[in-house]
Amino acid sequence: MPTQDYLVSIDVGTTKICTLVAAYHEDGKMSVIGVGNVPSQGIRRGVVVNIEETISSISASLEEAERMAGYPIQSAYVSIGGGHISSLNSRGVIAVSRADGEISHEDVARVIEAAQAISLPMNREILHVLPRGFIVDGQEGVENPAGMTGVRLEVETHIVNAASSSVRNLAKCVQQTGVEVEEVVLSPIAAAEAVLSSEDRELGVVLLDIGGGTTDIAIFVEGSIWHSTVLPVGSNHITNDIAIGLRIPFEAAEKIKKNTTLSMPTFEEGTLFEDVNRNNTIDLSHYGVENGSQVLRSDVNSIIEARLSEMFDMVGQEIKKAGQEGLLAGGCVMIGGGSLLSGIVDSAKENLRLPVRIGKPRDVIGLADEINSPLYVTPIGLLLWGMKSRRQREMVRVSPIQLWSNAFGKVRGWVKRSFFP
Ligand SMILES: Nc1ncnc2c1ncn2[C@@H]1O[C@H](COP(=O)(O)OP(=O)(O)OP(=O)(O)O)[C@@H](O)[C@H]1O
Ligand SMILES: [Mg+2]
């Protein structure tokens, strides 16, 4: 019988905390056997603002997943987001150490280390150093230089850094539930594992995770990550706008948002004109609003469209900042709860002037029906990241204990950071 191991991911979001338990087999197949999905408390705009509330939300999510999987969770890969995230691209250069010019694994480790020589304020730390490609004696586009011959080895890396306190607080919350943090992973980078094909990355693509409190962006160019950031605005802001605009409670505004279709209603065969007309107003009393009057659907649409246009404008600015305006032939892939808004694809196409599609997780087996949604891309991506990470560890035959070089699961060794294009 093939041996089996377990992987666990926790996506700590502003509105939900999702834990997935997956069993993975020696043959590389992974199946999701447990899901824990609970509303989150104590998180605002992707950042822990109340430790106790966050711990109890994470615990509830873990318990639900454990019960379904029948597996006691000991460790997990954890997602991080928030406006404190920033990224930059950095180049490292070294001279190959061996006299015969053969590039060793140590040289690869050294050059990646060299790329990390960036100055960061005391209160920030490096979360990921992702090699984008190596250059051997001026020859670009080398994926793995170990074993090649050369004199000068260079690497292009994408470095993600974060506010230390935010990383530590998140890790602390998970650890307080009795679960070890295997690694803290930037959420859009994890999500990319589950929705982007290598063709998307080659063509150039922007991945947008529209969550409740944040919109995460990851831009891939020529096959690898080029820019990543988190905007402190998400789909809950649309709900807020509706609540304020119509002077109704948040809960009612949330229901109205989820029932909205942005594009004009299509006249299906057999539809009576009166039906469509009747649908053009919203009766607020249907949404539990006391003394609710009627509002025009077009007014609600305008509120939503105004906020979306502002959000996509910010995304457009990031694409521009990354120097990729008009260059992303792979277009935009949208995930997260915010992408479920009916008509958002057309709005994104119009605002971003890119091909747009909704991303669904690929290659999910196990509880596929339950998690086959843009809402679960990040926790599934975390599992795939974890699987890759473990394989990498096995490949270089380094004991996992040695990798635990510091607290909170942030590993400083090159091993975990390497080879995640
Ligand atoms: N069917 C739907 N139609 C429109 N919006 C939806 C729908 N379902 C969920 N949403 C919105 O998606 C948002 C939650 O998305 P998601 O679960 O991806 O966020 P999160 O991961 O908890 O937050 P974040 O990533 O910002 O920390 C909420 O604002 C919610 O209103
Ligand atoms: Mg999220």
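Only a predicted model underlies this, so the values are computations on that prediction, with no experimental measurement involved.

**Some remarks on the overall build of the protein chain**
When helices and strands are counted, the protein chain shows 14 helices and 18 strands. The buried share of the protein chain, taken over its 421 residues, is 54%. Within the protein chain, counting contacts between residues at least 6 apart in sequence, those at least 24 apart form 66% of the total. Of the roughly 19200 Å² of accessible surface on the protein chain, 49% is carried by carbon and sulfur atoms.

**So, the packing of aromatic side chains**
For the coordinates displayed, the defined rule picks out one aromatic pair. Note that Arg201 overlies the ring of Phe220, its terminal NZ or CZ placed 4.9 Å from the centroid.

**Quick word on helix α9 (residues 297-321)**
Over its 25 residues, α9 extends 36 Å from the first C-alpha to the last, a length consistent with the 36 Å expected when each residue adds 1.5 Å. Immediately beyond the C-terminal end of α9, within one or two residues, lies Gly323, with a positive phi of roughly 75°.

**Section: the site of ligand 1**
The local shell around ligand 1 holds 19 residues, among which Thr14, Thr15, Asn236, Glu254 and Lys257 are the closest. Within the backbone of Gly213, a nitrogen or oxygen atom sits 2.9 Å from an oxygen atom of ligand 1. Contact distances for ligand 1 include 2.8 Å between an oxygen atom and a backbone N or O atom of Gly337. Out of a free accessible area of 660 Å², ligand 1 has 89% covered by protein chains. When residues of the shell around ligand 1 are traced back to their parent elements, those giving at least two are α6 (235-246) and α7 (250-258). The biggest single contributor to the shell around ligand 1 is α7, with three residues.

**Regarding unusual backbone geometry**
Located in the positive-phi region is Arg45, a residue other than glycine, with phi close to 45°. In this fold, Arg45 is placed in the loop between β4 (43-44) and β5 (47-48). Positive phi, close to 55°, is recorded for Arg353, a residue that is not glycine. One can find Arg353 in the loop between α10 (344-352) and β18 (356-358).

**Points about the sheet that holds strand β8 (residues 124-136)**
Ordered by their spatial adjacency, four strands build an open sheet running β7-β10-β8-β9, and the pairing between neighbours is antiparallel. A single partner strand is all that each edge strand has here, and the edge strands are β7 (86-95) and β9 (139-142). The sheet shows a mean angle of 35° between the axes of neighbouring strands, direction not considered. Examined bridge by bridge, β8 and β9 share two bridges and lie antiparallel to one another. Each residue of the ladder has a partner; that of Val136, found in β9, is Gln139. The sheet contacts of helix α2 (residues 105-115) involve β7, β8 and β10 (152-163), and relative to β7 the element is tilted by about 135°.

Scoring rules and cut-offs
Residues numbered from 1 in each chain as written. Chains lettered and ligands numbered in written order. Predicted model: local features only at pLDDT ≥ 70, side-chain atom pairs only at ≥ 80, totals over all residues. Heavy atoms only, no water. Helix = DSSP H or I, 4+ residues; strand = E, 2+ residues; numbered from the N terminus. Buried < 20%, exposed > 50% of the residue type's maximum accessible area, 1.4 Å probe, protein only. Contact = heavy atoms within 4.5 Å. Areas by Shrake-Rupley, 256 points an atom, 1.4 Å probe, with all protein chains shown as cover. Phe/Tyr/Trp six-rings, centres within 6.5 Å; stacked < 30°, edge-to-face > 60°. Lys NZ or Arg CZ within 6 Å of the ring centre and 35° of its normal. Expected span 1.5 Å × (residues − 1). Near = heavy atom within 4 Å. Polar contact = N/O pair within 3.5 Å; in protein donor to acceptor, adjacent residues only side chain to side chain. Pairing = 2+ DSSP bridges. Axes fitted to C-alpha atoms, helices over the stretch in contact; angles between N-to-C directions.

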